[in-house]
Each structure stands twice: as C-alpha cells, then as structure tokens.
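Here's the letter readout for the chains.
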Amino acid sequence: MSRALTFAMAAVCAALFAYTQYLIFYVAPLDRLLLFSQKIFNYPVPCAFMLFIAVITCGVASLFYLKRREGRFDDVAVAAGELSVLLGAIVLITGSIWGRAAWGVWWTWDARLTSSLRLWMSMLAYVLVRKYGGPGSERIGAGLAVFAAINIPLVYFSVRIWRTLHPKTSVVPTLSGDMRQALWLSVLLFAIFFVLLLRARVATARAERRLHEVYERGLDEGILE
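(A) Spatial organisation of the packing of aromatic side chains. Enumeration over the complete set of coordinates arrives at 7 aromatic pairs. Geometrically, the ring pair formed by W98 and W103 is edge-to-face, given 5.7 Å between the ring centres and 85 degrees between the ring planes. In this structure W103 comes out as partly exposed when scored by relative accessible area, which is 24%. Relative to F157, the ring of Y156 has its centre 5.0 Å away and its plane inclined at 90 degrees; by these criteria the two rings are edge-to-face. For F157, a relative accessible area of 35% puts it in the partly exposed group. Taken together, the aromatic side chains of F41, W98 and W103 make up a single cluster linked through ring pairs.

The structure is reproduced here in structure tokens:
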C-alpha cells in the first residue's frame, strides 16, 4: 500500500468520522425506550465486528506461521493480536455503558458478555506471552491465537444458544432507516481505521524483527558483544 493511498484512506476516515457523528447525534432519531442512550450502540457493535476480524486475522496468520515458520506471518499475527486487545477493551467499556442504560447494571454474567470477556482475556494472554514469554513465545502465542479464533462462533451465536439479556443478532435489520445508516457507516469507519492501524503496526513489527535479526547476526559473527 503506497503512502499516497494511506493518506487518502486517512482523509476518507476523517471525513467519514465527521459525517458519521453528525448522523448519530443530529439525524438519527431518539430511541423510544432508551432515548439518547441508544446512540452508544453505534460504538460497541462496530468495534465488535472489528474485534472478530482482528482475532480471525491473528489466528489465521498464526496458523500460517506454525506451518511455514516465516516471520512475515508472525508480524501480522502480532499486529492483529494487539489491535484485538484494544478493540475488545472498547467493546467491553462502551458495552457496559450501554448496558447500564438498557439493563440498569454495568455488568451481568450474561452468556454474550461472559464469552466476550473470555475472548478478550485470551487475546490479552496472547499479547502478554508475546511480550514476556521469551524464546518459544511465538509458538505458544500462536496456539493461544488459534484457540481464541475458534471461540468466535461461540461468542456470536451465544445469544441464540442461551437465553440472554443481550439483544439478538436480528436486532440490527429492525433499526429505522437513519439509525441503520449511522450504524453501518460506523462499521465502515472502524473497518478503514482498523486497516490503517493494522498496516502501521505490521510495518513496525517487521522493522523490529529485522532489527533483531541483524543484532543476532552481529552476535554470531562476533561484531557485537
């Protein structure tokens, strides 16, 4: 991806952000029951979509790394894993704010909430292992990433498997025109933002890996002590 395309995507992201916030707060009508609090819904839902994509990306890249042992796959896994922790934190925090308005409690051990928390904790464990695990942490972390990716269907279908407080997946199509447009534009906004962040973090991870390889080569050749 060229630098010009990156700047173009960033400009589109900024313009889309401004327009989306205008739709959310000035155009979309108030909900009949939750009133203004329903507008928070436009943040945890898009972030949840991107969380799933980030975890799947991390899991698939980890599988390729385990099979081929090529650093380029590990770079993508690390970048997606770190972004999944960030996105998961946003989902849990903003979702709790919405839950306080909708259910009257900040947190309940609902099936969707509990499975989402477990998914986030799995990715947090991945990041901690990669940072502090030492030699061999790449393979251990890859296993954690694959485990987390396998759990995504359980998180998504939990509202159908168990009786939960969380809205069903069929709620989004029932939203009114302006509400639905604001939500899907928010999803597009977070998707573009995710791609930009992922690209930047992959480039950083790749540079870190190459620097480490140069350092290790210098130690082997006696250039560095």
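(B) Here's a closer look at the pattern of salt bridges. Under the counting rule described, the total for this entry stands at 6 salt bridges. Among the salt bridges present, the one from R206 reaches D75, with a minimum N-O distance of 3.6 Å. With R206 in helix 7 (residues 177–220) and D75 in helix 3 (residues 71–103), this residue pair connects regions lying 131 residues apart in the sequence. Judged by relative accessible area, D75 falls into the buried class, the value being 3%. In this structure, R201 engages E208 in a salt bridge whose closest nitrogen and oxygen atoms are separated by 3.9 Å. Of the residues examined, R201 reaches a relative accessible area of 18% and is grouped as buried. Among the ionic contacts, a cluster of salt bridges with common partners joins D75, R206 and R209.

(C) Structural context of helix 6 (residues 152–161). If you check which residues of helix 6 are buried, you get I152, V155, S158 and V159. The buried residues of helix 6 all sit within an arc of 130 degrees when viewed along its axis, so they share a single face. Looking at helix 6, the residues exposed on the side facing more than 90 degrees away from the buried face are R160 and I161. Packed against the buried residues of helix 6 are helix 2 (44–68), helix 4 (111–132) and helix 5 (137–150).

(D) Layout of empty space enclosed by the protein. Under the definition given, this model contains 2 cavities of 30 Å³ or more. Taken as a whole, the largest cavity holds about 120 Å³ of empty space. Around the largest cavity, the lining comprises 13 residues; the ones closest to its centre are A28, Q38, K39, N42 and M179. By residue class, the composition of the lining of the largest cavity is 9 nonpolar, 2 polar and 2 charged. Estimated volume of the second largest cavity: approximately 30 Å³. Around the second largest cavity, the lining residues are A61, S62, Y65, F73, D74, A77, Y126, R130, E138 and A142. Residues belonging to the lining of the second largest cavity are distributed by class as follows: 6 nonpolar, 1 polar and 3 charged.

Conventions and cut-offs
Residues numbered from 1 in each chain as written. Predicted model: local features only at pLDDT ≥ 70, side-chain atom pairs only at ≥ 80, totals over all residues. Heavy atoms only, no water. Phe/Tyr/Trp six-rings, centres within 6.5 Å; stacked < 30°, edge-to-face > 60°. Buried < 20%, exposed > 50% of the residue type's maximum accessible area, 1.4 Å probe, protein only. Salt bridge = Lys/Arg side-chain N within 4 Å of Asp/Glu carboxyl O. Helix = DSSP H or I, 4+ residues; strand = E, 2+ residues; numbered from the N terminus. Arc of directions from axis to C-beta. Contact = heavy atoms within 4.5 Å. 1 Å grid on protein atoms, 1.4 Å probe; cavity = no way out; pocket = protein on both sides within 12 Å on 5 of 7 lines; lining within 4 Å. Points joined across faces, edges and corners; volume = space filled by probe spheres on them. Nonpolar A, V, L, I, M, F, W, Y, C, P; charged D, E, K, R; others polar.

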